[in-house]
Each structure stands twice: as structure tokens, then as C-alpha cells.
Amino acid sequence: MLEGPVVNLRIIGHEDIPLIVEWANDPDFGGEFEPIEQVNHREILKWLDGLSADEKWFFIEKKDDSKIGQIMYAPVGRHFVIGYRMLPAERNKGYCTEAIKIIVDYLFLTRDIVRIQAETNPQNLASQKVLEKAGFTKEGVKRKSVFIRGQWQDGVLYSILREDWREPKVLFKPKA
Ligand SMILES: CC(C)(COP(=O)(O)OP(=O)(O)OC[C@H]1O[C@@H](n2cnc3c(N)ncnc32)[C@H](O)[C@@H]1OP(=O)(O)O)[C@@H](O)C(=O)NCCC(=O)NCCS
């Protein structure tokens, strides 16, 4: 488990499949900018068992172990990409910002990589804000990047480089 001051990140396992299915099939969990595909238990089991060692999905948990969101990372070429979702009732409380900082610290501390990236809908201001608060820089717009809800939509690309990050912000943070 990865522990921050306010939230913990716990790797998703087989025992979590019913909750993953429930959340994945709830359009409110994804929000207005995410895909709306429906999935079943068998598909999620196959997907979970097929993940590479370099792709991890975590629950974002409060200190009382309640599950309030998900965050993931996966390789993209020589770099990594991250994604995240919070339960509607738990948004705008700073939880996702902390979860992203934990993942960024973890990836830069455990892998010899120089770049982590994320892509979001141009209208998804909450997602852009959370990336900026976690130290990411906006790079530009990928035109017609993703097919979601019947339309080819643009994506705003953000990244954080190792030189932007410099040192851990949450995990094993150097003493001031
Ligand atoms: C994007 C998301 C994960 C952010 O999680 P969160 O825990 O609410 O994030 P935080 O509380 O750490 O920060 C959110 C910030 O966005 C701001 N924000 C929220 N809605 C906003 C809006 N419509 N316009 C501008 N800013 C907004 C909040 O005020 C907050 O900034 P602040 O701390 O300066 O006040 C959450 O909104 C979510 O789950 N959305 C649906 C799924 C999704 O879109 N995932 C990302 C796909 S790329």
C-alpha cells in the first residue's frame, strides 16, 4: 500500500471485481467526459489477469479504508500515462491531487523514466486543474484523439518531467 497524509493507494485485486464492475457501469462515476461502455465480471477478471507488471490500478482510500476513487498507470512507449476517477460525493476535497502526487513520486522513485503524461477532455476543467496542482504542464491539444459518446473528441495533453519533479512531494519526502 502507498500511504499519503490523507489518502492511501491500494492495488486492486480479484476480491475487488464486484466493486470495479459496479463503478465501471455507473456513468456518474466516469462523469460526462468518460466512455460509457458496460462491462461484466468475466471481462474484468480477464482484463485484470492480463495486466502487465508495468500497469497497475489502485483504489484511492481514506484512512478509514473506505474506497473513494481509482487511479492507474501504464506504460506508453518509454514513458508512463496515468488516469483517475473519484466518486461524485468525494470530489473537490483534494483527494485526487494527493493520489496523483503519490503515483508520480512512486513512478519516478521506482523507474528510470523521464516523463509521465495524462490526457483529458478540453472541457474537463476539474481534471486539468488537478493535473496542474500536481505539477503537470499543459503541452497542447491532440485533435480528434478519442472516440467517446459518439464523437471524435480532442484531448489536452499534460506531462511532468523528472526535472520538473526533482524530489518526492509525498512519499519518502525529504525533511525540510
Ligand atoms: C477529475 C477528478 C478526478 C478530480 O478529482 P478531485 O478529487 O475532485 O480533485 P481535487 O479535489 O484534488 O481538485 C479538483 C480541483 O478542480 C477544481 N474544479 C472542479 N470543478 C471545476 C470546474 N468545473 N471548473 C474549474 N475548476 C474546477 C476544484 O475547485 C479543485 O481545485 P481547487 O483545489 O483549486 O479548488 C474528478 O472530478 C472526477 O472524478 N471526475 C470524473 C472522472 C474524470 O473526469 N476523470 C478524469 C478523466 S481525464
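In the block above lies the structure referred to throughout.
These lines cover the structure that appears in this document, whether it is placed above or below.

Brief notes about the overall build of the protein
When its secondary structure is counted, the protein shows 6 helices and 8 strands. In sequence order, the protein lays out its α and β elements as β-β-α-α-α-β-β-β-α-β-α-β-β-α. Taken over C-alpha atoms, the radius of gyration comes to 16 Å for the protein, in line with the 16 Å a tight globule of 176 residues would show. For the protein, the spread of C-alpha atoms along the three principal axes comes to 45 × 40 × 30 Å. Per-residue burial over the protein gives 43% buried out of 176 residues. Across the protein, every contact between residues at least 6 apart in sequence was considered, and the portion connecting residues at least 24 apart equals 63%.

Concerning the side chain of arginine 111
With respect to the element layout, arginine 111 can be found in the loop between α4 (95-110) and β6 (115-120). Those residues in contact with arginine 111 that sit more than four places away from it in its chain are Ala53, Asp54, Tyr73, Phe80, Tyr106 and Arg162.

Description of the packing of aromatic side chains
Scanning the model with the defined rule gives 8 aromatic pairs in all. Consider the rings of tyrosine 73 and phenylalanine 80, whose centres lie 5.7 Å apart with planes at 70°: the pair is edge-to-face. For the residue pair tyrosine 73 and phenylalanine 80, the accessibility class agrees, reading buried in each case. What links up through ring pairs into an aromatic cluster is the set Phe58, Tyr73, Phe80 and Tyr106.

Some remarks on the pairing of strand β3 (residues 56-62)
In this sheet, β3 lies alongside strand β2 (residues 7-11) in antiparallel orientation, the contact comprising 5 bridges. For leucine 9, the partnering residue across the bridge sits in β3 and is isoleucine 60. Relative to strand β4 (residues 67-76), β3 is paired through 6 bridges, and the arrangement is antiparallel. Across the sheet, tryptophan 57 pairs through a bridge with methionine 72, a residue of β4. The antiparallel pairing of β3 with β4 creates a hairpin that spans 4 residues between the two strands, and aspartate 65 there sits at a positive phi of about 75°.

Looking at the nonpolar core
Residues Leu9, Ile71, Ile82, Ile100, Ile116, Leu131 and Phe136 are the most contacted members of the largest nonpolar core, which totals 34 residues. The element contributing the most residues to this core is α4, with 9 residues. Ignoring sequence-local partners within four residues, the contact set of leucine 9 consists of Met1, Leu2, Phe58, Phe59, Ile60, Ile71, Ala99, Ile102 and Ile103. Ranked by size, the runner-up nonpolar core spans 9 residues in total, among them Ile12, Trp23, Phe29 and Phe59.

Some thoughts on the site of the ligand
Around the ligand lies a shell of 21 residues, among which Met86, Asn92, Thr97, Lys129 and Lys133 are the nearest. A distance of 2.9 Å separates a nitrogen atom of the ligand from a polar atom in the backbone of tyrosine 84. A distance of 3.1 Å is found between an oxygen atom of the ligand and a backbone nitrogen or oxygen belonging to cysteine 96. In the complex, the protein chains occlude 74% of the 960 Å² of accessible area that the ligand would expose alone. Broken down by secondary-structure element, the contributors of at least two residues to the shell around the ligand are β5 (79-86), α4, β6 and α5 (125-133). No other element matches the 6 residues that α5 contributes to the shell around the ligand. Of the residues assigned to the shell around the ligand, the class counts are 7 nonpolar, 7 polar and 7 charged.

Quick word on α5
Within α5 the residues assigned to the buried category are Ser127, Gln128, Val130 and Leu131. For α5, the arc enclosing every buried residue in end-on projection is 165°, short of the 170-degree limit, so these residues lie on one face. For α5, exposure combined with an orientation more than 90 degrees from the buried face picks out Leu125 and Ala126. Immediately beyond the C-terminal end of α5, within one or two residues, lies glycine 135, with a positive phi of roughly 100°.

Conventions used here
Residues numbered from 1 in each chain as written. Predicted model: local features only at pLDDT ≥ 70, side-chain atom pairs only at ≥ 80, totals over all residues. Heavy atoms only, no water. Helix = DSSP H or I, 4+ residues; strand = E, 2+ residues; numbered from the N terminus. Rg over C-alpha atoms; globule rule 2.2 N^0.38 Å. Buried < 20%, exposed > 50% of the residue type's maximum accessible area, 1.4 Å probe, protein only. Contact = heavy atoms within 4.5 Å. Phe/Tyr/Trp six-rings, centres within 6.5 Å; stacked < 30°, edge-to-face > 60°. Pairing = 2+ DSSP bridges. Core = buried A, V, L, I, M, F, W, Y, C linked by side-chain atoms within 4.5 Å. Near = heavy atom within 4 Å. Polar contact = N/O pair within 3.5 Å; in protein donor to acceptor, adjacent residues only side chain to side chain. Areas by Shrake-Rupley, 256 points an atom, 1.4 Å probe, with all protein chains shown as cover. Nonpolar A, V, L, I, M, F, W, Y, C, P; charged D, E, K, R; others polar. Arc of directions from axis to C-beta.

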